[in-house]
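One-letter residues, chain by chain:
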Amino acid sequence: MASITTTTITTPKIKNLYVYPIKSFKGITLQNAIITERGLAIPNINGNKSIDRLWCVCDTDGYVQDIRVQPHFATIAVEIDYEHNCLVLTPTLDDDIKEFDPLKIPIHNEAFYDNSGEEHVVNVSDRYKNYWYGHPLNGYNCGEEAANWITRFIHKHNEYSEDQEFLFLRYKQSSKRRISEMFKGKSDIAKRAMPNDQAAFADCSPFHLISTESMLDLNRRLPANASCENPVSIFRFRPNIEVECAKQAYDEDKWMTFNIGKASFRQLGPTGRCVIPTTSPMKGKRYDDEEPRATLMKYRPLPYGDGPHGGPILGIWMAPQANVEQHVTIGDVITEVGNDPMKL
């Protein structure tokens, strides 16, 4: 009797979903989420509107602080208190746990009005002449208690910031941050963006995707004496969507238009890697060997050059097409659509 040969055909699908309510703080792992024009939303939270990078920390001059300048931000956990409709911030380093009580920040922007109904609004800028944001943004000041908490935290971990004060801000939607205005509209990402593509305090786009296969290939290439953990934590790269069962490593580079479940996406460009992935999300520290970025530098392209705006690429930036506010869940498959030059 002739033997029967079976072939397993794999289809890319969602392995994990992550949302990062506060820029540069730890993310929240989700089983399901809602795709919105400005990023991932958690069902029944914030009116089903995105909470991804909806908050940030800035100094009193309005300049955003992130992992690049405050690496210990990566060690602060964020959770949702569904009963009280607030974020709960908890340090994870042993010394910080002893010193800092959890901080609660309301989710709805009405919480940041005073008794007369006036808004406490602050102008917000990135540290690069608003190249990323396109223009100054507005955020709601989250109050004195939150400001004192994060100022004490930064002073403890960063001696160069001891003469500064800091505060939490919640993005004000009327800021209308458009991706097409980034870098004065001259960047590749801005040129690919549609007029309505937008984000809150995320660097370059409302969504970021990486495949497990790409991460596995990076792990195989790391030197044995690398300072970073192996396998490398995906939280160093801060994606919203982790995909598994891609045909090969870096296959996502070619995905120009595609569906995830019922949600449609366009790629805006590959994700250039600055110093953020060199920061340990467990310790909030960077090491001299600059891993895993140093390994990526040896074999991955640098389409934006090297420096604060670029580096070796891993993963893709993307924006939703039509049909926003679509639900996605772990296990949803990725499919090719249209006639774009992409093969899955």
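Bear in mind the structure is a predicted one, so any value in this text is a computation, not a measurement.

A. A look at the layout of surface pockets. Of the voids in this model, the largest pocket is the one considered here, and its volume is about 540 Å³. If you trace the largest pocket, you find 36 residues lining it, with Arg68, Asp203, Cys204, Gly272 and Trp317 closest to the centre. At the level of secondary structure, the elements contributing two or more residues to the lining of the largest pocket comprise α3 (188–192), β13 (207–211) and β16 (263–272). Looking at the lining of the largest pocket residue by residue, the class counts come to 15 nonpolar, 10 polar and 11 charged. Quantified by volume, the second largest pocket comes out at close to 190 Å³.

B. View of the packing of aromatic side chains. Applying the stated criterion across every chain, the model contains 12 aromatic pairs. On the basis of an interplanar angle of 75 degrees and a centroid distance of 5.1 Å, the ring pair of Tyr18 and Phe235 is categorised as edge-to-face. On the criterion of sequence distance, the pair formed by Tyr18 in strand β1 (residues 13–19) and Phe235 in the loop between α4 (212–221) and β14 (241–244) is long-range, its members being 217 residues apart. On the accessibility criterion, Tyr18 (4% relative accessible area) is buried. Looking at Phe235, the relative accessible area reads 34%, which means it is partly exposed. Here a set of aromatic residues connected by ring pairs shows up, and it is made of Phe207, Trp255, Phe258 and Phe265. It is Arg221 that lies over the ring of Tyr299; its NZ or CZ is 3.8 Å from the centre. Residue placement shows Arg300 over the ring face of Tyr250; its charged tip is 4.0 Å from the ring centre.

C. Up close: the sheet that holds strand β3 (residues 32–36). Here three strands make up an open sheet; going across it, the order is β4-β3-β18 and the pairing antiparallel. The open sheet has two edge strands, β4 (39–41) and β18 (326–329), and neither has a second partner. Ignoring which end each strand starts from, the neighbouring axes of this sheet average 40 degrees apart. One ladder, built from four bridges, connects β3 with β18; its direction is antiparallel. Bridge pairing in β18 links Ala33 to Val328.

D. Seen up close, the sheet that holds strand β9 (residues 103–106). Here three strands make up an open sheet; going across it, the order is β7-β8-β9 and the pairing antiparallel. Unpaired on one side and paired on the other, β7 (76–81) and β9 mark the two borders of the sheet. Each neighbouring strand pair of the sheet contributes to a mean axis angle of 25 degrees, computed without reference to strand direction. Taken together, the six bridges between β7 and strand β8 (residues 86–91) define a ladder with antiparallel strand orientation.

E. Spotlight on helix α2 (residues 144–157). Compared with the 20 Å implied by 1.5 Å per residue over 14 residues, the 20 Å span of α2 between its first and last C-alpha is a close match. Ala146, Ala147, Trp149, Ile150, Thr151, Phe153 and Ile154 are the residues of α2 that are buried. Contacts from the buried residues of α2 go to β5 (55–59), β7, β8, α1 (94–99), β9 and β12 (166–171).

F. Fine view of empty space enclosed by the protein. The tally for this structure, following the rule as stated, stands at one cavity of 30 Å³ or more. Here the largest cavity is characterised by a volume of approximately 40 Å³. In this structure, the largest cavity is lined by Gln70, Pro71, His72, Phe73, Phe153, Ile154, His157 and Asn158. Taken together, the residues of the lining of the largest cavity break down into four nonpolar, four polar and no charged.

G. Local environment of the side chain of Thr151. Its location among the elements puts Thr151 in helix α2. With near-sequence residues (within four places) excluded, Thr151 lies in contact with Gln164, Glu165 and Phe166.

Reading the values: the criteria
- Residues numbered from 1 in each chain as written.
- Predicted model: local features only at pLDDT ≥ 70, side-chain atom pairs only at ≥ 80, totals over all residues.
- Heavy atoms only, no water.
- 1 Å grid on protein atoms, 1.4 Å probe; cavity = no way out; pocket = protein on both sides within 12 Å on 5 of 7 lines; lining within 4 Å.
- Points joined across faces, edges and corners; volume = space filled by probe spheres on them.
- Helix = DSSP H or I, 4+ residues; strand = E, 2+ residues; numbered from the N terminus.
- Nonpolar A, V, L, I, M, F, W, Y, C, P; charged D, E, K, R; others polar.
- Phe/Tyr/Trp six-rings, centres within 6.5 Å; stacked < 30°, edge-to-face > 60°.
- Buried < 20%, exposed > 50% of the residue type's maximum accessible area, 1.4 Å probe, protein only.
- Lys NZ or Arg CZ within 6 Å of the ring centre and 35° of its normal.
- Pairing = 2+ DSSP bridges.
- Axes fitted to C-alpha atoms, helices over the stretch in contact; angles between N-to-C directions.
- Expected span 1.5 Å × (residues − 1).
- Contact = heavy atoms within 4.5 Å.

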